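These are the residues of each chain, in order.
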Amino acid sequence: EKREREQLIETIRAEAMKDKGTELARDIVKITDQAAKAQQLTLHIANGTLVVATSDIVYLKAEGNYTQLVTFRGSDTVMTGLGALAKLIDEDTFIRADRSTLVNIHNIAHLQPKQHRCLFRSANGQEVQTTLLAPAFKRLQALL
C-alpha cells in the first residue's frame, strides 16, 4: 500500500516537472523535493559520505562497531553502529528481525519459510535476498 502511494506521488511529481509553468506544478515539485530530502540519510562510509533514500535500504546488519548497509544497488560499510542508525530511521518502516538486523518491511516481496530466505523487491523491480537465522525469520513472519 505504501509503495503504491509512493509510486502515485512520483507519477504526479513527474507530471508537475513537465509543466512548471503553473503555480500548482511548482508547489508540487517543491513539496515532493522537501519530502524526499526528509527521507534521506547522510552516512559516513570508509571512503567518504553516502546519501541514501530510506526507501532504497533493504536491510541493515551490525558488524561490530559498524553497520553493513544493503541497498538495491549493493552494500557499503557505514562507520556508525546499528543502535545509532536505528534512532535515525522510521521504526514503522524498519523492524528488528534480531539483535543485529533491521529490515525495511516495505521492500519485502516474499518470504520462503523452508530456506528462511527473505526476498526484497524495489519499486522498479530490482531484487535482493538474504537468509536469516530461524528465530529471526520466525519473528519477521510473526510481525508481518
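In short, a report on the structure. Per chain, the residues get numbers from 1 upward, laid out in the order the sequence is written. Where totals are concerned, whole chains, interfaces and linings use all residues; where local detail is concerned, this predicted model gives features only for residues with pLDDT of at least 70, and gives and counts side-chain atom pairs only at 80 or more. Side-chain descriptors were evaluated using all non-hydrogen atoms of the structure, hydrogens and water having been removed beforehand.

Remarks on the overall build of the protein
Filter applied, for reference: To qualify as a helix, a DSSP run of H or I must reach at least 4 residues; to qualify as a strand, a run of E must reach at least 2; elements of each kind are numbered from the N terminus. The buried label applies to any residue whose accessible area, calculated with a 1.4 Å probe on protein chains only, is under 20% of its type's maximum; exposed applies above 50%, and partly exposed to all values in between. Here the accessible surface of atoms and residues is derived via Shrake-Rupley with a 1.4 Å probe, and residues count as covered only by protein chains that are part of the display. Under this rule, positive means Lys or Arg and negative means Asp or Glu; His and the chain ends count for nothing. For this purpose, a charge sits on NZ of Lys, CZ of Arg, CG of Asp or CD of Glu.
Within the protein, the regular secondary structure consists of four helices and 10 strands. Seen through its principal axes, the protein has C-alpha atoms that stretch 55 × 35 × 25 Å. Taking all 144 residues of the protein together, the buried fraction comes to 32%. Just so you have it, the protein exposes about 9100 Å², and 50% of that area is on carbon and sulfur atoms. Distance between charge centroids for the protein: 6 Å, based on 19 positive and 17 negative side chains.

Considerations on the pattern of salt bridges
Side chains carrying opposite charge are able to pair once their charged atoms draw close together. To keep it simple, the criterion reads: Definition used for salt bridges: Asp or Glu carboxyl oxygen within 4 Å of a side-chain nitrogen of Lys or Arg.
On inspection of all chains with the given rule, the structure shows two salt bridges. Linking Asp56 and Arg73 is a salt bridge whose minimum nitrogen-to-oxygen distance equals 3.3 Å. Highlighted residues: Asp56 in the loop between β2 (48-53) and β3 (57-63) and Arg73 in the loop between β4 (66-71) and β5 (74-78), separated in sequence by 17 residues. Look at Asp56 and you get partly exposed, because its relative accessible area is 22%. Exposure remark for Arg73: the relative accessible area of 68% places this residue in the exposed category.

A word on the sheet that holds strand β10 (residues 127-131)
Sheets are built from strands that pair by backbone hydrogen bonding, the pairs being arranged parallel or antiparallel. Let me state the cut-off plainly: For two strands to be treated as a pair, DSSP must find no fewer than two bridges joining them. For helices, the fitted axis covers only the stretch in contact; all axes are lines through C-alpha atoms, and the angles between them, taken along N-to-C directions, range from 0 to 180 degrees.
The strand order across the open sheet formed by three strands is β8-β9-β10, and the pairing between neighbours is antiparallel. In the strand order of this sheet, the two ends are held by β8 (108-112) and β10, each with one partner. Pairwise comparison of adjacent strand axes, ignoring direction, gives a mean angle of 20° for this sheet. Summarising the sheet, β8 and strand β9 (residues 117-121) pair through four bridges and their orientation is antiparallel.

Details of the environment of Arg96
Inclusion rule: Polar contacts, as counted here, are pairs of nitrogen or oxygen atoms within 3.5 Å of one another; within protein the pair requires one atom able to donate a hydrogen and one able to accept it, and residues that are adjacent in sequence qualify only if both atoms are side-chain atoms.
Summarising the element assignment, Arg96 is placed in strand β6 (residues 94-98). Judged by its relative accessible area of 32%, Arg96 falls in the partly exposed class. As a C-alpha pair, Arg96 and Glu63 span 33 residues in sequence and 15 Å in three-dimensional space. A polar contact is formed between the side chain of Arg96 and the backbone oxygen of Arg99, at a distance of 2.8 Å.

With respect to the pairing of β4
In the sheet, β3 pairs with β4 via six bridges, with the strands oriented antiparallel. By the bridge assignment, Leu60 is partnered in β4 with Leu69. Between β3 and β4, which pair antiparallel in sequence order, lie two residues; one of them, Gly64, sits at a positive phi of approximately 65°. Linking two consecutive strands that pair antiparallel, namely β4 and β5, is a turn of two residues.

Shape is all these values report; function is a separate question.
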